[in-house]
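# Overview (structure and organization)
Chain by chain, the residues:
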Amino acid sequence: MIKYCLLLLLPIFCIPELKATEPDAATIYIQEHYRIAIEEMRLYGIPASIKLAQGILESDSGRSELARNSRNHFGIKCKNYWIGPSYYHPDDDYCPDGNLIDSCFRVYRSVLDSYRDHSIFLRYSRHYSPLFELAITDYRSWARGLQSSGYATHPQYSAILIRLIERYNLYRYDQMAMEQLQ
């Protein structure tokens, strides 16, 4: 009888210590940037959920080389009219002979400046104007609209944004912003 009791008690002592789970990088990114995204939604009419999902995706939750070295969280390239500092980084630009060349990206003084420039870039570009005809809380249509407007080259860009928004419940920040607007 004693042998059986000891065998039954033995597994209890073998259970590894359970530790509290650390939040993942995206969760930390959201906690650090959701207020900025809400403010940008209020000022420029871009869903906070979209801003956060793009920031998470484009900057690898603030951990990418581009984000770390230029504070560029949205992968916005220089364009011919950019007069600010630049950072060169391989992306999707090729020279005429077909070799990958470094792309010119905008450098920002702060992440807030990156968020603001992204808002201005979308809001005042005729290229993205159809987005602003969509409901501000319709993140699925916004994600599809960004892709159809050519914001990114990845064929699953909109689906990835939607998955991020739904995985992290980012639409709640759209609702928070809407409550502030009332």
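The structure we're discussing is the one just above.
Rules of the game
- For every chain, the first residue of the written sequence is number 1, and numbering continues from 1 along that sequence.
- pLDDT decides what is reported in this predicted model: residues at 70 or higher carry local features, side-chain atom pairs at 80 or more are listed and counted, and totals for whole chains, interfaces and linings draw on all residues regardless.
- Computation of side-chain values: all heavy atoms of the structure, hydrogens and water removed.
- In this description a helix means any DSSP run of H or I spanning at least four residues, a strand means any run of E spanning at least two, and both kinds are numbered starting from the N terminus.
- Between buried and exposed lies partly exposed: a residue is buried under 20% and exposed over 50% of the maximum accessible area for its type, with that area taken using a 1.4 Å probe on protein chains only.
- Two residues qualify as a contact provided that any one of their heavy atoms is within 4.5 Å of a heavy atom in the partner residue.
- Computed with the Shrake-Rupley method and a 1.4 Å probe, the accessible areas treat only the protein chains shown as cover for residues.
- Among buried residues, the Ala, Val, Leu, Ile, Met, Phe, Trp, Tyr and Cys ones that are joined through side-chain atoms within 4.5 Å form a nonpolar core.
- Pairs were defined over the aromatic rings of Phe, Tyr and Trp, the Trp ring being its six-membered one, requiring ring centres within 6.5 Å. Orientation was assigned from the angle between planes: stacked under 30 degrees, edge-to-face over 60, tilted for the rest.
- Sulfur atoms of two cysteines make up a disulfide when they are within 2.5 Å.
- Just to be clear on terms, a salt bridge is a Lys or Arg side-chain nitrogen sitting within 4 Å of an Asp or Glu carboxyl oxygen.
- Each residue after the first adds 1.5 Å to the expected span of a helix.
- To get the bend at any residue, fit one axis to the seven residues that end at it and another to the seven that begin at it, then take the angle between the two axes.

### Comments concerning the overall build of the protein
Within the protein, the secondary structure is distributed over 8 helices and 2 strands. Its helices and strands in sequence order give the protein the pattern α-α-α-α-β-β-α-α-α-α, from N to C terminus. Residues counted as buried form 40% of the 182 residues belonging to the protein. Residue pairs in contact within the protein that sit at least 24 positions apart in sequence constitute 59% of those at least 6 positions apart. When the accessible area of the protein is evaluated, it comes to approximately 11,200 Å², of which 55% is carbon and sulfur surface.

### Quick look at the side chain of Ser 149
Within the secondary structure, Ser 149 is located in the loop between α6 (139–148) and α7 (157–167). Sequence-distant contacts of Ser 149, that is, excluding residues within four places in its chain, are made with His 127 and Tyr 128.

### Some points on the nonpolar core
Counting residues in each nonpolar core, the largest one holds 39 residues, and the members touching the most others are Ile 50, Tyr 151, Leu 170 and Tyr 173. Listed by contribution, the elements that provide at least two residues to this core are α2 (25–44), α3 (48–59), α5 (111–123), α6, α7 and α8 (171–181). Ranked by residue count, the leading element in this core is α2, at 9 residues. Among residues more than four places away in sequence, those in contact with Leu 170 are Ile 30, Ser 49, Leu 52, Ala 53, Ile 56, Leu 164 and Ile 165.

### A look at the packing of aromatic side chains
Aromatic ring pairs are defined here through the distance separating the ring centres and the angle between the ring planes. Applying the stated rule across the entire model yields 9 aromatic pairs. Geometrically, the ring pair formed by Trp 82 and Tyr 108 is edge-to-face, given 6.0 Å between the ring centres and 65° between the ring planes. Taken together, the residues Trp 82 in the loop between α4 (65–70) and β1 (86–94) and Tyr 108 in the loop between β2 (100–106) and α5 connect sequence positions 26 residues apart. Considering the side-chain rings of Tyr 139 and Tyr 171, the 6.0 Å spacing of their centres and the 15° angle between planes classify their relative orientation as stacked. Taken together, the residues Tyr 139 in helix α6 and Tyr 171 in helix α8 connect sequence positions 32 residues apart.

### Points about the state of the cysteines
Disulfide: a covalent bond formed between the sulfur atoms of two cysteine residues. In total, this model carries 1 disulfide according to the counting rule given. The disulfide partner of Cys 78 is Cys 104, and the gap between their sulfur atoms is 2.0 Å. Residues Cys 78 and Cys 104 share a disulfide whose torsion about the S-S bond is about -70°; that sign makes it left-handed. Of this pair, Cys 78 sits in the loop between α4 and β1 while Cys 104 sits in strand β2, placing them 26 residues apart in sequence. Each member of the pair, Cys 78 as well as Cys 104, is classed as buried.

### Comments concerning the pattern of salt bridges
Inspection of every chain in the model, using the stated rule, returns 7 salt bridges. In this structure, Arg 140 engages Glu 166 in a salt bridge whose closest nitrogen and oxygen atoms are separated by 2.6 Å. Of this pair, Arg 140 sits in helix α6 while Glu 166 sits in helix α7; the two residues are 26 residues apart in sequence, bridging distant segments of the chain. A relative accessible area of 37% means that Arg 140 is categorised as partly exposed. Judged by its relative accessible area of 33%, Glu 166 is partly exposed.

### Some thoughts on α7
For an α-helix, the turn length of 3.6 residues means that residues three or four places apart are oriented alike. Turning to α7, its buried residues are Tyr 157, Ser 158, Ile 160, Leu 161, Ile 162, Leu 164 and Ile 165. Among the structural elements, α3, α6 and α8 are those in contact with the buried residues of α7. Two residues or fewer after α7 comes Asn 169, characterised by a positive phi angle close to 55°.

### Remarks on α2
Relative to the 28 Å expected for 20 residues at 1.5 Å per residue, α2 spans 27 Å between its end C-alpha atoms, a close match to the ideal helical length. Along its length, α2 reaches its greatest deviation from straightness, about 55°, at His 33. The complete set of buried residues in α2 reads Ala 26, Tyr 29, Ile 30, His 33, Tyr 34, Ile 36, Ala 37, Ile 38, Glu 40, Met 41 and Tyr 44. Where the residues of α2 are buried, they touch α3, α5 and α8. One or two steps after α2, the chain reaches Gly 45, where phi turns positive at roughly 80°.

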